[in-house]
Amino acid sequence: MGSLFRSEEMALCQLFLQSEAAYACVSELGELGLVQFRDLNPDVNAFQRKFVNEVRRCDEMERKLRYLEKEIKKDGIPMLDTGESPEAPQPREMIDLEATFEKLENELREVNQNAEALKRNFLELTELKHILRKTQVFFDESVPTVYKSSGAYSSSKYRRYPQMADNQNEDEQAQLLGEEGVRASQPGQNLKLGFVAGVILRERLPAFERMLWRACRGNVFLRQAMIETPLEDPTNGDQVHKSVFIIFFQGDQLKTRVKKICEGFRATLYPCPEAPADRREMAMGVMTRIEDLNTVLGQTQDHRHRVLVAAAKNLKNWFVKVRKIKAIYHTLNLFNLDVTQKCLIAECWVPLLDIETIQLALRRGTERSGSSVPPILNRMQTFENPPTYNRTNKFTKAFQALIDAYGVASYREMNPAPYTIITFPFLFAVMFGDLGHGAIMALFGLWMIRKEKGLAAQKTDNEIWNIFFGGRYIIFLMGVFSMYTGLIYNDIFSKSLNIFGSHWHLSYNKSTVMENKFLQLSPKGDYEGAPYPFGMDPIWQVAGANKIIFHNAYKMKISIIFGVIHMIFGVVMSWHNHTYFRNRISLLYEFIPQLVFLLLLFFYMVLLMFIKWIKFAATNDKPYSEACAPSILITFIDMVLFNTPKPPPENCETYMFMGQHFIQVLFVLVAVGCIPVMLLAKPLLIMQARKQANVQPIAGATSDAEAGGVSNSGSHGGGGGHEEEEELSEIFIHQSIHTIEYVLGSVSHTASYLRLWALSLAHAQLAEVLWTMVLSIGLKQEGPVGGIVLTCVFAFWAILTVGILVLMEGLSAFLHTLRLHWVEFQSKFYKGQGYAFQPFSFDAIIENGAAAAEE
Amino acid sequence: MGAAFFPVLFFTALWGGVGIAMPIMTPKGPHQNLIRCILMLTAACCWLFWLCCYMAQMNPLIGPKLKRDVVAMIGRSWNNPIVAG
């Protein structure tokens with residue numbers, strides 16, 4: 001039997017590893033990906049395991065690598081991804097890796113701190129430069145403006161609140177005016193005004209100005225100018241807009257107040273000499289220092305870039321190595337430590353066919369570690385259920401995933417996946433059948449297959465795309481089969497191909513055509529006698545009046561035909577399961593009655609369909625003419641209910657063939673007789689076997705062999721009696737549920753396959769609506785405007801065709817096909833109670849690690 | 001009986017070739033049984049689908065009902081001219 005038709009044979013093995021060689025051996029097994037280790041220390045918590053320190057060290061290394069990765073991405077440096085997978089390092093190499101990562105992290109942190117400090121200095125000097133430049137203008141204007149503005153403020157205040165004017169204000173004004181009049185020419189006048197200069201965020205300036213005015217009662221004078229270029233915030237690198245300001249005031253009291261307000265608004269104050277010569281000198285010094293700082297900053301950034309570029313070359317490899325080391329130590333933690341013999345003991349599930357491969361890997365690991373004691377791999381006997389392992393390739397993986405989504409097969413159970421490879425796309429195509437839509441789908445699948453290496457390497461995180469790409473072979477097959485069923489339905493975007501010439505011919509003359517709005521062709525005179533050789537005759541596509549009636553009759557029949565055959569195929573699969581597991585009771589008293597039930601009722605209905613197709617024709621005389629053709633459904637219902645059929649039309653016979661009544665009664669009775677066999681035979685036989693086992697121990701052993709796999713607990717004597725009773729009642733209940741499910745399921749599942757007809761009808765009608773209401777409107781236009789209209793209409797039609805008919809209808813047909821496989825087909829034979837084989841595999845671990853890192 | 005000899009023979013031979021001859025000729029390898037299963041299932045499904053469509057039209061019980069413009073189209077395009085008179 002091929003590797004996909006049943007799950008692989010699995011063996012539980014015990015592994016003895018020398019302590020020195022254990023790391024290397026587990027590393028080799030991780031590369032291989034064929035061993036599933038069991039946890040031999042389930043009671044030990046994570047922090048008490050032997051290699052917990054090593055795991056912690058790996059976690060720390062991973063954290064440092066993530067920090068490096070973040071810095072690399074921040075600088076936009078491309079990371080080299082060769083796609084190759086380096087081998088897991090030796091344990092002593094771990095120390096080197098730790099030292100390398102430590103050094104890199106420290107170096108990078110130091111560079112970052114230095115860069116931040118330098119940027120802060122740079123910012124301060126830049127701000128000072130702007131202050132020195134802008135304040136030149138302020139001081140040139142300050143002498144005449146101060147008096148004017150100050151006077152204006154006082155006058156304004158005086159006018160607004162005449163009652164509040166006090167002597168002090170009047171005196172001040174008199175003094176100012178008087179002084180101006182008396183000592184206008186004296187240079188010492190300016191020394192009485194103080195000032196502060198600084199930089200503030202532009203958005204804070206209006207509030208700042210209002211606060212100054214209110215707190216100082218209008219006795220200060222504020223001038224500001226914008227710094228045109230944005231400045232960089234050294235903390236987070238953001239660009240901010242700032243303004244230079246200068247505040248003139250009188251007296252120390254105001255000075256203190258002004259400085260507090262500046263501090264509150266987080267303005268930065270800078271010293272600014274009053275004399276122009278001093279300011280010019282300071283500006284030159286600041287420019288020099290700015291240039292020096294720029295040079296140092298540039299060198300610091302260059303150094304950081306070089307460090308990150310060097311790290312980026314190796315970062316992917318380092319991640320892989322660290323993850324492998326961590327995985328190895330995690331696995332070693334599952335083992336038992338034998339202190340006396342200095343070896344580690346492991347238990348693992350392995351595929352039987354691969355034991356030799358695993359032995360070779362272990363030998364390689366031993367040689368690599370330099371140990372002299374070879375590892376020992378012992379096969380153990382076990383009564384546990386092994387994990388289920390189906391060996392797949394890139395083609396079969398998607399189909400296996402469809403089956404596993406429903407349930408993982410029980411160990412060594414028949415795997416539906418090989419048959420699903422064809423039945424799934426085919427049943428999809430029965431619903432989706434359209435040559436044009438199938439071609440679109442097939443081309444899309446083919447494109448993904450042809451480009452699969454490039455597309456797989458991109459590794460996008462778009463979930464929808466990943467699903468499509470994972471199912472590319474399914475999509476391609478669905479498209480190809482849809483093209484075939486589209487040819488049979490003779491349907492390409494709701495139109496027909498007339499390749500062989502219609503086998504229906506017109507015989508009406510012109511006057512008859514002109515007089516009648518509808519004309520029906522007669523099967524007697526207008527039909528050639530043999531059908532269109534491949535697929536549906538194109539006449540039925542243009543027969544607007546009764547096309548659906550004909551298609552419905554045809555598609556309902558093929559739905560039932562394929563459905564019943566699909567179900568019979570499933571029941572036959574259960575025969576394979578019973579023979580493999582040597583379950584003779586199930587083989588005789590479950591499989592046979594199930595098959596008989598299905599054949600005598602539903603397959604008989606299928607035969608009636610074929611008989612009707614062959615025997616009844618419009619060209620025949622009665623009782624086999626079209627008027628006498630009975631309804632299959634009514635015939636079936638009458639058969640099951642033992643009804644007397646209603647009288648047939650004149651000159652017609654009640655039954656389709658001689659002896660039909662007797663056969664139908666016999667079939668129904670036998671089918672109904674199968675139900676108690678399914679229901680009672682197996683539990684009764686098990687009960688009988690147990691009784692015999694209790695009475696005669698030797699005979700009981702024989703009964704066990706014959707029963708095949710039925711475990712016997714009767715040997716425990718009286719104590720087991722109670723347990724037996726419970727088990728028997730459980731067996732009866734289980735068998736009742738199973739039988740009822742099968743019998744009722746046969747009826748409802750047969751009806752369920754009619755969805756093949758329903759989906760097909762809906763798909764065809766939707767395509768026809770798009771033709772009638774969209775594209776044909778464009779085709780009817782004439783002249784140059786018609787060309788433009790047709791272009792727009794075609795674009796609209798194409799979008800709707802792909803969006804609705806291919807994507808939405810395709811998804812709908814896909815889901816219905818999935819249900820037909822999961823429920824209607826697999827319920828006949830599939831238990832699906834296994835658990836998947838999850839080998840220790842570096843590829844899977846690294847893939848999951850990379851996915852987690854992306855999130 | 002309304003079946004023509006040639007189409008039945010042709011398509012049965014075609015799908016019989018796919019479902020019987022090609023599995024026999026499948027080269028040995030790890031996937032031989034899988035390929036055989038695929039070929040046989042494909043042949044069985046496609047042949048049965050074709051057969052049902054063919055048999056459904058062998059002995060039609062009703063004829064197509066056509067509109068006047070469809071009749072005119074058939075007369076012009078399908079080499080089936082309408083008789084004058």
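Residues numbered from 1 in each chain as written. Chains lettered and ligands numbered in written order. Predicted model: local features only at pLDDT ≥ 70, side-chain atom pairs only at ≥ 80, totals over all residues. Heavy atoms only, no water.

## Describing the overall build of chain A
Looking only at helices and strands, chain A has 25 helices and 12 strands in total. In chain A, which comprises 855 residues, the proportion classed as buried is 44%. Intrachain contacts of chain A at a sequence separation of at least 6 include 82% that bridge at least 24 residues. Accessible surface for chain A amounts to roughly 44,700 Å². Of this, 58% is attributable to carbon and sulfur atoms. (Helix = DSSP H or I, 4+ residues; strand = E, 2+ residues; numbered from the N terminus. Buried < 20%, exposed > 50% of the residue type's maximum accessible area, 1.4 Å probe, protein only. Contact = heavy atoms within 4.5 Å. Areas by Shrake-Rupley, 256 points an atom, 1.4 Å probe, with all protein chains shown as cover.)

## Details of the packing of helix H11 (residues 435-450) of chain A against helix H13 (residues 463-470) of chain A
Residues and elements named next belong to chain A. Orientation of H11 relative to H13, taken along the N-to-C sense of each, is 90°, at an axis distance of 10 Å. Comparing the axis directions of H11 and H13 gives the class roughly perpendicular. Residue-level contacts link Phe 444, Trp 447 and Met 448 of H11 to Trp 465, Phe 468 and Phe 469 of H13. Class assignment of the residues belonging to the contact of H11 with H13 gives a composition of six nonpolar, no polar and no charged. (Axes fitted to C-alpha atoms, helices over the stretch in contact; angles between N-to-C directions. Parallel < 35°, antiparallel > 145°, perpendicular 65-115°, else oblique. Nonpolar A, V, L, I, M, F, W, Y, C, P; charged D, E, K, R; others polar.)

## Remarks on the nonpolar core
Within the largest apolar cluster, 116 residues are counted, with the highest numbers of intra-cluster contacts made by A:Tyr554, A:Phe610, B:Phe49 and B:Leu66. Not counting residues up to four positions away in its chain, the partners in contact with A:Tyr554 are A:Ile488, A:Tyr489, A:Met536, B:Phe49, B:Cys52, B:Cys53 and B:Ala56. Ranked by size, the runner-up nonpolar core spans 61 residues in total, among them A:Val35, A:Ala88, A:Leu308 and A:Ile355. (Core = buried A, V, L, I, M, F, W, Y, C linked by side-chain atoms within 4.5 Å.)

## Quick look at helix H2 (residues 52-74) of chain A
Counted at 1.5 Å a residue, the expected span for H2(A) with its 23 residues is 33 Å, and the 33 Å between its end C-alpha atoms agrees. Positive phi appears at A:Gly76, one or two residues downstream of H2(A), with a value of about 70°. (Expected span 1.5 Å × (residues − 1).)

## Observations regarding the pattern of salt bridges
Residues and elements named next belong to chain A. Applying the stated rule across the entire model yields 25 salt bridges over all chains. Between Lys 64 and Glu 102 there is a salt bridge, with the nearest N and O atoms lying 2.5 Å from each other. Of the two residues, Lys 64 is situated in helix H2 and Glu 102 in helix H3 (residues 91-160); the sequence distance between them amounts to 38 residues. Judged by its relative accessible area of 8%, Lys 64 is buried. By relative accessible area, which is 36% here, Glu 102 ends up partly exposed. The salt bridge involving Glu 452 is made with Lys 394; its shortest N-O contact spans 2.6 Å. Within this pair, whereas Glu 452 is found in helix H12 (residues 452-458), its partner Lys 394 is found in the loop between strand E11 (376-380) and helix H9 (397-406), the two being separated by 58 residues in sequence. Owing to a relative accessible area of 47%, Lys 394 belongs among the partly exposed residues under this scheme. (Salt bridge = Lys/Arg side-chain N within 4 Å of Asp/Glu carboxyl O.)

## What about the UniProt feature "transmembrane region" (unreviewed entry) in chain A?
Residue and element names in this part refer to chain A. Look at the UniProt record and you will see "transmembrane region" (unreviewed entry) annotated at residues 421-449, 469-489, 558-576, 591-611, 662-681, 756-779 and 785-808. Spanning residues 421-449, this segment combines 93% helix with 0% strand, and its end C-alpha atoms are found 16 Å apart. Secondary structure content for residues 591-611 is 100% helix and 0% strand, and the end C-alpha separation is 28 Å. (UniProt positions renumbered as here; feature names shortened; annotations may be inferred.)

## Some details on the UniProt feature "transmembrane region" (unreviewed entry) in chain B
In this structure's numbering, the residues bearing the UniProt feature "transmembrane region" (unreviewed entry) are residues 33-56 of chain B. Between the C-alpha atoms that bound residues 33-56 of chain B there is a distance of 34 Å. The span itself is 100% helix and 0% strand.

## Side note on the interface of chain B and chain A
In this assembly, 48 residues from chain B lie in contact with 72 residues from chain A. The junction of chain B with chain A conceals about 5,300 Å² of combined surface from both sides, 74% of it contributed by carbon and sulfur atoms. At the junction of chain B with chain A, the criterion picks out zero salt bridges. Remark: the boundary between chain B and chain A carries nine residue pairs in polar contact (both at pLDDT 80 or more). Per-element tally for the side of chain B that touches chain A: the top contributor is helix H2 (residues 32-58) of chain B, with 19 residues. Here the residues of the side of chain B that touches chain A sort into 35 nonpolar, 10 polar and three charged. Alignment of strand E12 (residues 518-520) of chain A against strand E1 (residues 65-67) of chain B, held across three bridges, turns out to be antiparallel. For A:Gln520, the partnering residue across the bridge sits in E1(B) and is B:Lys65. (Buried area = accessible area lost by both parts, 1.4 Å probe. Polar contact = N/O pair within 3.5 Å; in protein donor to acceptor, adjacent residues only side chain to side chain. Pairing = 2+ DSSP bridges.)

## A few points about the packing of aromatic side chains
Residue and element names in this part refer to chain A. Per the counting criterion, the structure on display carries 48 aromatic pairs over all chains. Here Phe 51 and Tyr 329 contribute two aromatic rings whose centre-to-centre distance is 5.6 Å and whose plane-to-plane angle is 35°, an arrangement assigned as tilted. Within this pair, whereas Phe 51 is found in the loop between strand E2 (36-37) and H2, its partner Tyr 329 is found in helix H7 (residues 276-332), the two being separated by 278 residues in sequence. Tyr 329 shares its class with Phe 51; the two are buried. Of the aromatic side chains, those joined through ring pairs into one cluster are Phe 5, Tyr 406, Tyr 419, Phe 569, Trp 822, Phe 825, Phe 829 and Tyr 830. (Phe/Tyr/Trp six-rings, centres within 6.5 Å; stacked < 30°, edge-to-face > 60°.)

## Considerations on the environment of A:Met79
Residue and element names in this part refer to chain A. Examined against the element boundaries, Met 79 turns out to sit in the loop between H2 and H3. For the pair formed by Met 79 and Leu 308, sequence separation is 229 residues and the distance between their alpha carbons is 9.8 Å. Residues in contact with Met 79, not counting those within four places in the same chain, are Glu 69, Ile 72, Lys 73, Ala 312 and Leu 315.

## Brief notes about a nonpolar patch on the surface
Residue and element names in this part refer to chain A. A surface patch of nonpolar side chains, about 860 Å² in accessible area, is lined by Ile 440, Phe 444, Trp 447, Ile 464, Phe 468, Leu 766, Val 802, Ile 804, Leu 807 and Met 808. At the level of elements, H11, H13 and helix H24 (783-825) are the ones that each hand at least two residues to the nonpolar patch. Note that Ile 804 resides in helix H24. (Patch = residues over 30% accessible without salt bridge, like charges linked within 9 Å, V, L, I, M, F, W, Y side chains within 5 Å.)

## What about unusual backbone geometry?
Look at A:Arg412: it is not a glycine, yet its phi comes out positive at around 65°. Here A:Arg412 is to be found in the loop between H9 and helix H10 (417-432).

## Section: the side chain of A:Glu105
Residue and element names in this part refer to chain A. Position of Glu 105 relative to the elements: it lies in helix H3. Looking at Glu 105, the relative accessible area reads 5%, which means it is buried. Not counting the four nearest positions on each side in its chain, Glu 105 is found in contact with Arg 63, Lys 64 and Tyr 67.

## Side note on helix H19 (residues 632-641) of chain A
All names here are of chain A. Among all positions of H19, only Ile 632, Thr 635, Phe 636, Asp 638 and Met 639 are buried. Buried residues along H19 cover an arc of 165° about the axis, so they all sit on one side. Exposed side of H19, more than 90 degrees from the buried face: Leu 633 and Leu 641 are the residues found there. A positive backbone phi angle near 55° is found at Phe 642, which sits one or two residues after H19. (Arc of directions from axis to C-beta.)

## Regarding the packing of helix H1 (residues 19-32) of chain A against H7(A)
Residues and elements named next belong to chain A. Across the interface, H1 lies against H7 with an axial gap of 10 Å and an inter-helix angle of 110°. As the angle between them shows, H1 and H7 are arranged roughly perpendicular. The chirality of how H1 crosses H7 is right-handed. Within the contact between the two elements, H1 uses Ala 22, Tyr 23, Val 26, Ser 27 and Glu 31 and H7 uses Lys 324, Ile 325, Ile 328, Tyr 329, Thr 331 and Leu 332. Here the residues of the contact of H1 with H7 are counted per class, giving seven nonpolar, two polar and two charged. (Left-handed = near helix turned anticlockwise from the far one by under 90°.)

## Describing the state of the cysteines
Linking two cysteines covalently through their sulfur atoms gives a disulfide. Under the counting rule described, the total for this entry stands at zero disulfides over all chains. Summary of cysteine pairing: A:Cys13 is not part of a disulfide, and the nearest cysteine sulfur, belonging to A:Cys348, is at 5.4 Å. In this structure B:Cys46 is a free cysteine whose sulfur lies 6.6 Å from that of B:Cys45, the closest cysteine sulfur available. (Disulfide = S-S within 2.5 Å.)

## Thoughts on the pairing of strand E10 (residues 343-351) of chain A
Residue and element names in this part refer to chain A. Of all nine residues in E10, nine are buried; the element is thus mostly enclosed. Burial along E10 is two-sided: Cys 343, Ile 345, Glu 347, Trp 349 and Pro 351 facing one way and Leu 344, Ala 346, Cys 348 and Val 350 facing the other are all buried. Note that strand E1 (residues 10-18) and E10 share nine bridges and pair antiparallel. Along E10, the bridge assignment pairs Leu 12 with Trp 349. The sheet contact formed by E2 and E10 spans two bridges and is antiparallel. By the bridge assignment for E10, Phe 37 is matched with Cys 348. Of the strand pairs in this sheet, strand E9 (residues 336-338) and E10 are connected by three bridges, and their pairing is antiparallel.

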